Amino acid sequence: MLGLDFIRAERAAVEKAIEAKAVDLNVDELLSLDAEVRRLKTEIEALRAQRNTISARFKDVAPDERAELGRQAKEAGARAGELESELGEKDGALKSLLMRVPNIPWDGAPIGPDETFNTVVRQEGVVPKFDFEPLDHVALIEQNDWADLSRIVQVSGSRQYCLKGRLALLETKLMGWALERITEGGFTPITVPSMAREQAFLNQGQFPGHKEETYEMPADEQWLAGTAEVALTSLHSGEIIEGDKLPILYAGYSPCFRREAGSAGKDVRGLLRVHQFVKVEQYVVCDADDAVSAGWHARLLELAEGMLQALEIPYQVIETSTGDMGLGKFRMNDIESWVPSLGKYRETHSCSTLHDWQARRANIRYRGSDGKVRFAHTLNNTALASPRILVPLLENHQTADGRVKLPKAMQELIGASTSEVRW
Ligand SMILES: Nc1ncnc2c1ncn2[C@@H]1O[C@H](COS(=O)(=O)NC(=O)[C@@H](N)CO)[C@@H](O)[C@H]1O
């Protein structure tokens, strides 16, 4: 959400962002509602003042004038009541439009309606050259009985999986490893629920635009989050944080649930795109200072890249286009990991700077060293998400006999006596 004062003063920039992010929103409609709301508030205040003035005069006038005064006071009150219900209506309409106002993207973002306009910032690691026909992760899993991808369909439907044997152990260890690495980076490890109320999704930005992507539990008026970002954005909602307590740094672990309603037919094979997965999330609440935010953006990327380097997975950092970054982002860099069986890089991390767009929605404020209270800035990035990360991990490190030679960091993790891990 952007402040109304900003939208009024920087209308052209807001309209440019609306166009660049291909958002269906009319600033004229929003600003005329804003003017209506302000006019109504002024009129209601005037009527209240009028009624108070009349009531104050009551004791001083002759008894035969009191009836008339009483009528005028009653009339002013009734008129104020009518206007208040109109104000409620118009203020509600204004607020729902404000929830759809996009953040202003940074001027280095490629302008374009979708991911085809994303650009590659840099590539790291060497794409493996196999001297044998490499298998994809599904074949590797089936050959080594590392997961059940078929029986489970009758239990839970499509886009579900069970990891088995040491791949099941590896996933849990990977999550612990990611949590520890981010904790070493100065972040507080925190496990958060995936269940949350509607307001948490409005605060984070998933709502109102992406309800159809989200599992609902109507009997409990709760929804299932697709990322720990939802809970972490609202954890400090409504607070005024003392400035010296910033930055708040969370390494959030949670199960993640996504309907993938818009992904029919995409990544239907294997572990790339499933309804339930686990993720360690990096989350920052910091000073409302663009340079401080930019510093944390770089740090979040560095922490994620460090893990991909330790996993010896080749990757590329992507500059996300205005149309692909989503409503609330000022800047978004995806990290894409090399998937040999696809012969291309696939997104495994997403790093975002939102400035105060989320903090305004969640009402997260802080008292700066100057004593002024401001909305904070928030950022988030994936630390590690599984099972998607298993796809490049297994495929890049496979050997000719369908085994996996895990990188050193993983061998230590699973206590493998040899570098050949065979289940
Ligand atoms: N349906 C899915 N199945 C498996 N992994 C997924 C799925 N959706 C997202 N992910 C993983 O979760 C990562 C983060 O998802 S994201 O929507 O891009 N971004 C976020 O959730 C942010 N909070 C940063 O983590 C993705 O890069 C991907 O690795």
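Predicted model only: the values in this text are computed from it and were never measured.

> How should I be thinking about the overall build of the chain in this particular structure?
What the chain contains, in helices and strands, is 14 helices and 18 strands. Considering only C-alpha atoms, the chain reaches an extent of 105 × 45 × 40 Å along its principal axes. Per-residue burial over the chain gives 49% buried out of 423 residues. Contacts spanning at least 24 positions in sequence make up 74% of the contacts within the chain whose residues lie at least 6 apart. A total of about 19,800 Å² of accessible surface is found on the chain, and carbon and sulfur atoms cover 51% of it. Taking the average place of the 51 positive charges on the side chains of the chain and the average place of its 64 negative ones, the gap between the two points comes to 2 Å.

> Could you clarify how one ought to interpret the packing of helix α2 (residues 11-20) against helix α3 (residues 27-57) in this entry?
In a packed pair of helices, the relevant descriptors are the angle between the two axes and the axis-to-axis distance. At a minimum axis distance of 11 Å, the contact between α2 and α3 shows a crossing angle of 140°. What the angle tells us is that α2 and α3 run oblique. Of the residues in α3, those touching α2 at R11, V14, E15 and I18 are V27, D28 and L31. A class-by-class count of the residues in the contact of α2 with α3 yields four nonpolar, no polar and three charged.

> Please clarify how the site of the ligand should be interpreted in this entry.
The environment of the ligand is formed by 19 residues, the closest being E229, E260, E281, E347 and T382. A distance of 2.7 Å is found between a nitrogen atom of the ligand and a side-chain nitrogen or oxygen belonging to E260. Here the ligand, which alone exposes 570 Å², has 91% of that area covered by the protein. Its residues assigned to classes, the shell around the ligand shows four nonpolar, seven polar and eight charged.

> Where do I start with the sheet that holds strand β7 (residues 222-224) in this structure?
Strand pairing in a sheet relies on backbone hydrogen bonds, with the paired strands running either antiparallel or parallel. Overall, antiparallel pairing links the three strands, which are arranged β5-β7-β6 in an open sheet. Single-partner strands in this sheet number two, and they are β5 (195-196) and β6 (215-217). Direction of pairing for β5 relative to β7: antiparallel, over a ladder of two bridges. Bridging from a neighbouring strand, A196 pairs with W223 of β7.

> Got a minute to help me understand the packing of α3 against helix α4 (residues 63-98) in this structure?
Put simply, α3 and α4 touch, their axes get as near as 8 Å, and they point 160° apart. By the angle between their directions, the pair α3 and α4 is classed as roughly antiparallel. Between α3 and α4 lies a crossing of left-handed hand.

> Any chance you could explain the nonpolar core here in plain terms?
Note that soluble globular proteins tend to have their nonpolar side chains buried in a common cluster. The biggest cluster of nonpolar side chains holds 55 residues, and the ones touching the most others in it are L170, L174, W177, F187 and L311. Sequence-distant contacts of L170, that is, excluding residues within four places in its chain, are made with L390, L393, L406, M410 and I414. Counting 34 residues, the second largest nonpolar core, distinct from the first, contains L25, L40, A80 and M99.

> Explain the packing of aromatic side chains to me, please; I cannot follow it from the model alone.
For any pair of aromatic rings, the description rests on two quantities: the centre-to-centre distance and the angle between the ring planes. Counted by the stated rule, this structure contains five aromatic pairs. With a centroid separation of 6.1 Å and 90° between ring planes, the pair formed by F187 and W296 is classed as edge-to-face. You can see F187 sitting in the loop between α7 (165-184) and β4 (188-191) and its partner W296 sitting in helix α10 (residues 290-310), a full 109 residues away along the chain. An identical accessibility class is assigned to F187 and W296; each is buried. Note on F201 and F207: the rings are 4.9 Å apart at their centroids and 20° apart in plane angle, and the pair reads as stacked. The pair formed by F201 and F207 is uniform in burial state, with each residue classed as buried. By the ring-pair criterion, three or more aromatic residues cluster together here, those being F201, F207 and W223. Above the face of the F207 ring, K211 is positioned so that its terminal group lies 5.3 Å from the ring centre.

Definitions and limits used
Residues numbered from 1 in each chain as written. Predicted model: local features only at pLDDT ≥ 70, side-chain atom pairs only at ≥ 80, totals over all residues. Heavy atoms only, no water. Helix = DSSP H or I, 4+ residues; strand = E, 2+ residues; numbered from the N terminus. Buried < 20%, exposed > 50% of the residue type's maximum accessible area, 1.4 Å probe, protein only. Contact = heavy atoms within 4.5 Å. Areas by Shrake-Rupley, 256 points an atom, 1.4 Å probe, with all protein chains shown as cover. Lys, Arg positive; Asp, Glu negative; His and termini not counted. Charge placed at Lys NZ, Arg CZ, Asp CG, Glu CD. Axes fitted to C-alpha atoms, helices over the stretch in contact; angles between N-to-C directions. Parallel < 35°, antiparallel > 145°, perpendicular 65-115°, else oblique. Nonpolar A, V, L, I, M, F, W, Y, C, P; charged D, E, K, R; others polar. Near = heavy atom within 4 Å. Polar contact = N/O pair within 3.5 Å; in protein donor to acceptor, adjacent residues only side chain to side chain. Pairing = 2+ DSSP bridges. Left-handed = near helix turned anticlockwise from the far one by under 90°. Core = buried A, V, L, I, M, F, W, Y, C linked by side-chain atoms within 4.5 Å. Phe/Tyr/Trp six-rings, centres within 6.5 Å; stacked < 30°, edge-to-face > 60°. Lys NZ or Arg CZ within 6 Å of the ring centre and 35° of its normal.

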